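Letter by letter, the chains look like this.
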Amino acid sequence: GNSVTQMEGPVTLSEEAFLTINCTYTATGYPSLFWYVQYPGEGLQLLLKATKADDKGSNKGFEATYRKETTSFHLEKGSVQVSDSAVYFCALTSNTGNQFYFGTGTSLTVIP
Amino acid sequence: DAEITQSPRHKITETGRQVTLACHQTWNHNNMFWYRQDLGHGLRLIHYSYGVQDTNKGEVSDGYSVSRSNTEDLPLTLESAASSQTSVYFCASSGSSQETQYFGPGTRLLVL
């Protein structure tokens, strides 16, 4: 079946620290992989995505590389800001269906 | 600009009452989804639709129903509200398989 496992939170970092949020997946077929971000009181917004192996998605300084050999899609940012404080969700959708499968979310707090 | 809206944004109701949450999208997307978000569970799929007159049960469909009479709307009905249905509800839509899902701002429901 399809599933996503992401690292437990909460994560607290100082401003300008390096961020990694781990995400691994199990999927049938050839999945597309996504990172969504949810700011307090809002819905989920697409942060970045990758649709095939070795693709790198990037946006707002965040990056993630689709690694088929390790079934991973880890989110990284070189220097976090207070405004990056949010909950981050890893997700996949398989080419065998239209449904999304979400991880449980990782809460990030960045302190000045 | 295309968008997806939900109403109401906040709702308080009593146990046993019927409640309907609205979701409207102007993306002209075929696929629409309802999720609930609870602490410790991430996002869980309630119902989804791949087009007009099509509806399908998700992971946590008991006590909920949907109908799809046009492309733009997928209302979610709680037949007889229970305290366990207190949650934040998100609607989402996507164009086709493996495309990005776009989320509404959410409805916060409290069942007393």
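The notes below deal with the structure included here. (Residues numbered from 1 in each chain as written. Chains lettered and ligands numbered in written order. Predicted model: local features only at pLDDT ≥ 70, side-chain atom pairs only at ≥ 80, totals over all residues. Heavy atoms only, no water.)

1. With respect to the sheet that holds strand E3 (residues 19-21) of chain A
All names here are of chain A.
Next up, step 1: Taking strand neighbours across the sheet as the criterion, the four strands line up as E3-E9-E8-E7 in an open arrangement whose pairing is antiparallel. Here the strands that pair on one side only, and so sit at the sheet edges, are E3 and strand E7 (56-59). Within this sheet the neighbouring strands show an average axis-to-axis angle of 15°, counted without direction.
Next up, step 2: Sheet analysis places E7 next to strand E8 (residues 62-65), joined by four bridges and oriented antiparallel. (Pairing = 2+ DSSP bridges. Helix = DSSP H or I, 4+ residues; strand = E, 2+ residues; numbered from the N terminus. Axes fitted to C-alpha atoms, helices over the stretch in contact; angles between N-to-C directions.)

2. Looking at a nonpolar patch on the surface
Residues and elements named next belong to chain B.
Next up, step 1: A surface patch of nonpolar side chains, about 300 Å² in accessible area, is lined by Ile 12, Leu 110 and Leu 112.
Next up, step 2: Relative to the helices and strands, Ile 12 is located in strand E2 (residues 10-13).
Next up, step 3: When its relative accessible area of 60% is taken as the criterion, Ile 12 is described as exposed. (Patch = residues over 30% accessible without salt bridge, like charges linked within 9 Å, V, L, I, M, F, W, Y side chains within 5 Å. Areas by Shrake-Rupley, 256 points an atom, 1.4 Å probe, with all protein chains shown as cover. Salt bridge = Lys/Arg side-chain N within 4 Å of Asp/Glu carboxyl O. Buried < 20%, exposed > 50% of the residue type's maximum accessible area, 1.4 Å probe, protein only.)

3. Quick word on the pattern of salt bridges
All names here are of chain B.
Next up, step 1: Within the structure shown, the criterion is met by six salt bridges over all chains.
Next up, step 2: Of the charged contacts in the structure, one is a salt bridge between Arg 17 and Glu 14, with a shortest N-O distance of 3.4 Å.
Next up, step 3: By relative accessible area, Arg 17 is classed as partly exposed at 48%.
Next up, step 4: Among the residues examined, Glu 14 registers a relative accessible area of 47% and is labelled partly exposed.
Next up, step 5: We note a salt bridge from Arg 44 to Asp 38, for which the minimum N-O separation is 3.0 Å. In terms of burial, Arg 44 and Asp 38 fall into one category: buried.
Next up, step 6: One network of salt bridges, with partners in common, ties together Arg 36, Asp 38 and Arg 44.

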